Amino acid sequence: MKKALPSLTIKNFHIKSPVLQGALGAGFSLHGLAGAVANNGGFGILSSAGLQTIVSMRDGKDVSTYMAVRIEIEKAKELSNGGPIGINIMCALVGSYEETVRASIDAGADAIISGAGLPLGLPGIQPPRHTSLIPIVSSARALKIIIDKWERLGYRPDAAVLEGDEAGGHIGFKYFEIGNPEFKLRKLLMPV
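In this text the structure is predicted, and so the values were computed from the model without any measurement.

Student: Residues and numbers for the overall build of the protein, please.
Tutor: The helix and strand inventory of the protein stands at 7 helices and 7 strands. The order of helices and strands in the protein, counted from the N terminus, is β-β-α-β-α-α-β-α-β-α-β-α-β-α. Counting only C-alpha atoms and orienting by the principal axes, one finds that the protein spans roughly 50 × 50 × 35 Å. Restricting the contact set of the protein to residue pairs at least 6 apart, pairs at least 24 apart contribute 56%.

What follows is the structure in structure tokens.
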């Protein structure tokens, strides 16, 4: 008999099946996909990349980044049947990072997952209320830096996403580190 994957609880939400749909970037991880994943027991995650442009074009009216994020989270939650909806916000979104964080919290996102740089000031942008704050890291050292900074802001990460050297996207490895056995997930996991 096959053993089912255990459920997962992070802060105030529960994932029946610990399946997290990754934020696949601009135009892919929108409300339809995230809502369907959450509706089926997983953790639906929106991508904030290009969201203002995508929602404005799709809905035929110019909306602010704040409104685009609110609209997309609310639509995903409508489809989720109570399943958790998160949003991935890259630190590299220099012009809209804080606005996206505020909109996500105000819209009731269950989690903000943030990487593509160290999200050192994330808990200081706005009190997260029930929204979980989850940094993406590539090492125990990166996580320790985040924890030390966040503790000065009165907060600790609710969870962490660990990316190894084979992860796609904005990973924290130098070219010569990729493929090195010292940077494989199985080696990084225990220290993190």
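Student: Quick one: what's the story with the nonpolar core, residue by residue and with numbers?
Tutor: Counting 38 residues, the largest nonpolar core has Ile-87, Val-101, Ile-112 and Leu-122 as its most contacted members. Mapped by element, the contributors of at least two residues to this core are α1 (31-39), α2 (51-59), α3 (65-80), β4 (85-90), α4 (97-106), α5 (122-125), β6 (132-137) and α6 (140-152). Setting aside residues no more than four positions away along its own chain, Leu-122 makes contact with Tyr-97, Val-101, Ile-112, Ser-114, Leu-133 and Trp-150. Within the second largest apolar cluster, 9 residues are counted, among which are Phe-43, Ala-111, Ile-134 and Ile-136.

Student: An account of the environment of Val-37 is needed here, citing residue identities and associated values.
Tutor: Relative to the assigned elements, Val-37 resides in helix α1. A residue is classified by how much of its surface remains accessible, and Val-37, at 17% relative accessible area, is buried. Here the alpha-carbon distance between Val-37 and Leu-20, two residues 17 residues apart in the chain, equals 8.3 Å. Sequence-distant contacts of Val-37, that is, excluding residues within four places in its chain, are made with Gln-21, Gly-42, Phe-43 and Gly-44.

Student: Which residues make up the packing of aromatic side chains, and what values go with them?
Tutor: Inspection of the entire model under this criterion finds 2 aromatic pairs. Between Phe-13 and Phe-43 the ring centres are 5.1 Å apart and the planes differ by 50°, which places this aromatic pair in the tilted class. A residue pair is termed long-range when its members are at least 10 positions apart, and Phe-13 in strand β2 (residues 13-15) and Phe-43 in the loop between α1 and β3 (44-47) qualify at 30 residues. For Phe-43, a relative accessible area of 0% gives the class buried.

Student: Talk me through the sheet that holds strand β5 (residues 111-115); I want residue IDs and the actual numbers.
Tutor: Taken in spatial order, the 5 strands of this open sheet run β3-β4-β5-β6-β7, and their pairing is parallel. Here the strands that pair on one side only, and so sit at the sheet edges, are β3 and β7 (161-162). The pairing of β5 with β6 spans 4 bridges and is parallel. For Ala-111, the partnering residue across the bridge sits in β6 and is Ser-132. Contacts from α4 reach β4 and β5 within the one sheet, and its direction differs from that of β4 by about 170°.

Student: Describe in detail the packing of α2 against α3, supporting the description with residues and values.
Tutor: Between α2 and α3, whose axes approach to 8 Å, the crossing angle comes to 70°. Between α2 and α3, the crossing angle belongs to the class labelled roughly perpendicular. The segment α2 lies against α3, with Leu-51, Gln-52, Val-55, Arg-58 and Asp-59 engaging Thr-65, Ala-68, Val-69, Ile-71, Glu-72 and Lys-75. For the contact of α2 with α3, the per-class residue count stands at 5 nonpolar, 2 polar and 4 charged.

Student: Lay out the packing of α3 against α4 in plain terms, naming residues and giving numbers.
Tutor: It is at 8 Å that the axes of α3 and α4 come closest, and there the two elements cross at 35°. Like other packed secondary-structure pairs, α3 and α4 cross with a definite hand, here right-handed. Contact with α3, carried on its side by Thr-65, Tyr-66, Val-69, Arg-70 and Ile-73, involves Glu-99, Thr-100, Arg-102, Ala-103, Ser-104 and Asp-106 of α4 and no other residues of that element.

Student: Describe the pairing of β3, with residues and values.
Tutor: The side-chain alternation of β3 yields two buried faces, one formed by Gly-44 and Leu-46 and the other by Ile-45 and Ser-47. Pairing geometry for β3 and β4, over 4 bridges, is parallel. Looking across to β4, one finds that Gly-44 is bridged to Ile-85.

Cut-offs applied
Residues numbered from 1 in each chain as written. Predicted model: local features only at pLDDT ≥ 70, side-chain atom pairs only at ≥ 80, totals over all residues. Heavy atoms only, no water. Helix = DSSP H or I, 4+ residues; strand = E, 2+ residues; numbered from the N terminus. Contact = heavy atoms within 4.5 Å. Core = buried A, V, L, I, M, F, W, Y, C linked by side-chain atoms within 4.5 Å. Buried < 20%, exposed > 50% of the residue type's maximum accessible area, 1.4 Å probe, protein only. Phe/Tyr/Trp six-rings, centres within 6.5 Å; stacked < 30°, edge-to-face > 60°. Pairing = 2+ DSSP bridges. Axes fitted to C-alpha atoms, helices over the stretch in contact; angles between N-to-C directions. Parallel < 35°, antiparallel > 145°, perpendicular 65-115°, else oblique. Nonpolar A, V, L, I, M, F, W, Y, C, P; charged D, E, K, R; others polar. Left-handed = near helix turned anticlockwise from the far one by under 90°.

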